[in-house]
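Residue-level listing of the chains:
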Amino acid sequence: MLTPQTANQKRSPRKISWDVLRVVAVYTVVVQHITHQSPINHAELGPYPFVLPLQFGASTLLVISAFFVCVTVRRGAPKRWLWNRVARLLPAYLVAVVVTYAVSRAVATSFGWYLPTHTDLLANLLLIQAWAPDFHWVDASYWTLPVQLMSFVLAALIWPRGLMRGKAIPITLWTLVVAPVVIRFVWRHDDAAQWVKSLFDGLALHRVALFGVGVAIWLWTRHRMSGPHLALYGVAVLVAQDAHSYFADTPSTIAFGVVLVGIVAAAGGPDWAVLRGLTRPIRWLAGISFGVYLVHQELGFVLARYLLDKGIGPWGRLLACVAMALLLGWAITRLVERPAHAWLTAHGPTAWAWLRSKVERQPQAPNSGGVPVSPAPSPLPASHPSTTGAGPVSSRELEWVAMASSQVR
């Protein structure tokens, strides 16, 4: 039986188990989108040699993300922690949105597909795609980015105020499971007012329980939640997950439950040493997984359609789409994600302090003959921890955006 690791243990080296879970989650999403989702979105793109219909990748990544939010938000200043997370995710996302939008517009007319508009581009750049039916996703797999960023902001606000400590924790966690299900079946139905649908979908209330189970697993590793309580909570999350889809995809829920056991094993048990021989390829695949997520779906659909028009068979299209996702994922990781993160974490606070000082030094408008005032800029907080603890290795290990399409769970 697994037991949680004690809090006074020395911090272990980077565990291969987390990278394995990340690789399984992200790359099953890739294959699922190619073989199952693409013929749904564009019927001419199927069939493939096989179909992977199980939808659990995004759910897995959201749980892991929530777990590591709990691990990392306690280290240093919450504002700097939040900036580090945003600096990791946002630049690569914005570049991917622009590239995907440009490619989609270039081929939409000849393929007979939906032509994204400038409004769609703006909505996706501002991360408000889910808030109005007039907005269309440039790539449906981007639905997790707003969810992730909202969770990071909430964590940075909640943690310093002690709102996730003591007796409030169980109430909060169970509310994340029960309240969205009640809202789903009482208010957010097909005939509901549009503002209700927009609020429910925009806040991704059908997914917040996934963050709850990530927090619960972390509490269990800290001996602040019992094993039976964690098991009961996990089962409740799975039932709620299936209920949100009206119990139409129970096999995917079961698959997610199996992976959830793996997350608990990685969090509370020893590292999976049996896979140490595959450390380098697993870590490479894990290290580019966010980039792969950003480019694999819509651009993969475009490539599959192009290859289909050229007479390429199912296996060729499948392998080519996977290869494209790896290549472009590596490129956006190497050329955008990592250098942007390094620059922003090194210069972001300095640039912000400079801008604030310029604003605060501006003379105030005189009032009835008063003398303009030029106050001195407020000093930076005394505590500005080094970014070493969230550098490229540990940050890439912890920073996963939950990665899947709007249909994937």
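Residues numbered from 1 in each chain as written. Predicted model: local features only at pLDDT ≥ 70, side-chain atom pairs only at ≥ 80, totals over all residues. Heavy atoms only, no water.

**Q** An account of the overall build of the protein chain is requested, with residue identities and associated values reported.
**A** Of regular secondary structure, the protein chain possesses 15 helices and 0 strands. In the protein chain, of all internal contacts separated by at least 6 residues, the share reaching a separation of at least 24 is 78%. Counting every atom, the protein chain has about 19,400 Å² of accessible surface; 69% of that belongs to carbon and sulfur. (Helix = DSSP H or I, 4+ residues; strand = E, 2+ residues; numbered from the N terminus. Contact = heavy atoms within 4.5 Å. Areas by Shrake-Rupley, 256 points an atom, 1.4 Å probe, with all protein chains shown as cover.)

**Q** So, the packing of helix H1 (residues 16–41) against helix H12 (residues 289–296): which residues are in play, and what are the values?
**A** For any two helices packed against each other, the geometry is given by the interaxial angle and the distance between the axes. Packing of H1 against H12 leaves a shortest axis separation of 10 Å and a crossing angle of 15°. Here H12 runs roughly parallel to H1, going by the angle between their axes. Relative to H12, the crossing made by H1 is left-handed. Taken together, the residues of H12 that come into contact with H1 (itself represented by Arg22, Val26, Tyr27, Val29, Val30 and His33) are Ser289, Phe290, Val292 and His296. Taken together, the residues of the contact of H1 with H12 break down into 6 nonpolar, 3 polar and 1 charged. (Axes fitted to C-alpha atoms, helices over the stretch in contact; angles between N-to-C directions. Parallel < 35°, antiparallel > 145°, perpendicular 65-115°, else oblique. Left-handed = near helix turned anticlockwise from the far one by under 90°. Nonpolar A, V, L, I, M, F, W, Y, C, P; charged D, E, K, R; others polar.)

**Q** Summarise helix H3 (residues 78–111); cite the residues concerned and give the values.
**A** Helix length check: H3 (34 residues) gives 47 Å between terminal C-alpha atoms against 50 Å at 1.5 Å per residue, within 8%. At Arg105, H3 shows its strongest bend, of approximately 30°. Residue Gly112 follows H3 closely and has a positive phi angle near 75°. (Expected span 1.5 Å × (residues − 1). Bend = angle between axes of the 7 residues up to and from the residue.)

**Q** I'd like a description of a positive patch on the surface, backed by residues and values.
**A** Together, Arg74, Arg75, Arg222 and Arg224 give the surface a local cluster of positive charge. For Arg222, the position within the fold is in the loop between helix H8 (208–221) and helix H9 (227–244). (Patch = residues over 30% accessible without salt bridge, like charges linked within 9 Å, V, L, I, M, F, W, Y side chains within 5 Å. Salt bridge = Lys/Arg side-chain N within 4 Å of Asp/Glu carboxyl O. Lys, Arg positive; Asp, Glu negative; His and termini not counted. Charge placed at Lys NZ, Arg CZ, Asp CG, Glu CD.)

**Q** For the environment of Ala123, give the residues involved together with the corresponding values.
**A** Mapped onto the fold, Ala123 is located in helix H4 (residues 118–125). Given a relative accessible area of 2%, Ala123 falls into the buried group. Sequence-wise, Ala123 and His136 are 13 residues apart; in three dimensions their C-alpha atoms are separated by 8.0 Å. Those residues within four positions of Ala123 in sequence are excluded, and the remaining contacts are Ile128, Gln129 and Phe135. (Buried < 20%, exposed > 50% of the residue type's maximum accessible area, 1.4 Å probe, protein only.)

**Q** Explain the side chain of Thr72 residue by residue, including any values.
**A** Structurally, Thr72 is set in helix H2 (residues 57–72). Within polar-contact distance, the side chain of Thr72 engages the backbone oxygen of Phe68 at 2.7 Å. In this structure the side chain of Thr72 is engaged in a polar contact, spanning 2.8 Å, whose partner is the side chain of Trp81. (Polar contact = N/O pair within 3.5 Å; in protein donor to acceptor, adjacent residues only side chain to side chain.)

**Q** Give a detailed account of a nonpolar patch on the surface, specifying residues and quantitative values.
**A** On the surface, Leu122, Leu126, Ile128, Trp131, Trp195, Leu199 and Leu203 cluster together into a nonpolar patch covering about 680 Å² of accessible area. Relative to the assigned elements, Leu203 resides in the loop between helix H7 (194–202) and H8. What makes Leu203 partly exposed here is its relative accessible area of 31%.

**Q** Please give an account of unusual backbone geometry that cites residues and values.
**A** Between Gly46 and Pro47 the backbone carries a cis peptide bond, its omega angle lying at 0°. Along the chain, Pro47 falls in the loop between H1 and H2. Not every positive phi belongs to a glycine, and Ala204 is a case in point at roughly 50°. Considering the arrangement of structural elements, one finds Ala204 in the loop between H7 and H8. Note on Ala204: relative accessible area 3%, which makes it buried. Phi at Tyr246 takes a positive value of approximately 55°, unusual for a residue other than glycine. Here Tyr246 lies in the loop between H9 and helix H10 (250–268).

**Q** Explain helix H13 (residues 298–309) to me, using residue names and the numbers behind them.
**A** With 12 residues, H13 extends 17 Å from end C-alpha to end C-alpha; this agrees with the ideal 16 Å at 1.5 Å per step. Taken as a whole, H13 has its buried residues at Glu298, Leu299, Gly300, Phe301, Val302, Ala304, Arg305 and Leu307. Immediately beyond the C-terminal end of H13, within one or two residues, lies Gly311, with a positive phi of roughly 85°.

**Q** Please set out the environment of Trp143 residue by residue, giving values where relevant.
**A** Mapped onto the secondary structure, Trp143 falls in the loop between H4 and helix H5 (144–158). Sequence spacing of Trp143 and Asn124 is 19 residues, and the spatial spacing of their C-alpha atoms is 9.6 Å.

**Q** Give me the side chain of Asp139: which residues, what numbers.
**A** Within the secondary structure, Asp139 sits in the loop between H4 and H5. Buried charge Asp139 goes without a salt bridge, the closest partner of opposite sign being Arg207 at 14 Å. At 3.0 Å, the side chain of Asp139 and the backbone nitrogen of Glu298 are in polar contact. The contact partners of Asp139, leaving out residues within four places of it in the chain, are Thr100, Asn124, Leu294, Gln297 and Glu298.

**Q** Break down the nonpolar core for me, with residues and values.
**A** If you look at the biggest cluster of nonpolar residues, it comprises 71 residues, and the most contacted ones within it are Trp18, Ile217 and Leu294. Dropping the residues within four chain positions of it, Ile217 is found in contact with Val63, Phe67, Leu230, Leu260, Ile263, Val264 and Ala267. Val30, Leu318, Cys321 and Ala325 belong to the second-largest nonpolar core, a separate cluster that totals 24 residues. (Core = buried A, V, L, I, M, F, W, Y, C linked by side-chain atoms within 4.5 Å.)

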